[in-house]
Amino acid sequence: MNQTEVIELCRESILVMLAVAAPMLVIEMIVGLIISLFQTVTQINEPTLTFMPKMLVTFGAAIFLMPYMIAHLIDFMQKIADRIVGIGLGSG
């Protein structure tokens, strides 16, 4: 495995990480923005008000997005396993 392949593998790893994490982070950001707007409009300055809705939405989004995230991770792991087999066959 040469330097170019290692860099390509790192690049793919980062892209998979972003593809898996980004939907959850975007949903959390939107919920946080909505709660912040609500707090601003009502002038309720309670830090604990943001915790419960964000936690519930995060768990709900995780359950809803789990098939998508697992599919990406399985596909990536299959590519890694194919590369491992290719390295093993190439050195023997």
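Not measured: the values here are computed from a predicted model.

J.: Could you give me a rundown of a nonpolar patch on the surface, with the residues and numbers involved?
T.: Together, Ile-14, Leu-15, Met-17 and Leu-18 make up an exposed nonpolar region whose accessible area comes to about 390 Å². Look at Leu-15 and you get partly exposed, because its relative accessible area is 45%.

J.: How would you explain the nonpolar core if you had to name every residue and give the values?
T.: The nonpolar side chains of soluble globular proteins are, as a tendency, buried together. Grouped together as the largest cluster of nonpolar side chains are nine residues: Val-16, Val-20, Met-24, Ala-61, Ala-62, Leu-65, Met-69, Phe-76 and Ile-80. Of all the secondary structure elements, the ones that give two or more residues to this core are helix H1 (3–42) and helix H2 (51–91). The dominant element in this core, judged by the number of residues it contributes, is H2, at six residues. With residues up to four places along the chain from it excluded, the contact list for Val-16 reads Leu-73 and Phe-76.

Parameters at a glance
Residues numbered from 1 in each chain as written. Predicted model: local features only at pLDDT ≥ 70, side-chain atom pairs only at ≥ 80, totals over all residues. Heavy atoms only, no water. Patch = residues over 30% accessible without salt bridge, like charges linked within 9 Å, V, L, I, M, F, W, Y side chains within 5 Å. Areas by Shrake-Rupley, 256 points an atom, 1.4 Å probe, with all protein chains shown as cover. Salt bridge = Lys/Arg side-chain N within 4 Å of Asp/Glu carboxyl O. Buried < 20%, exposed > 50% of the residue type's maximum accessible area, 1.4 Å probe, protein only. Core = buried A, V, L, I, M, F, W, Y, C linked by side-chain atoms within 4.5 Å. Helix = DSSP H or I, 4+ residues; strand = E, 2+ residues; numbered from the N terminus. Contact = heavy atoms within 4.5 Å.

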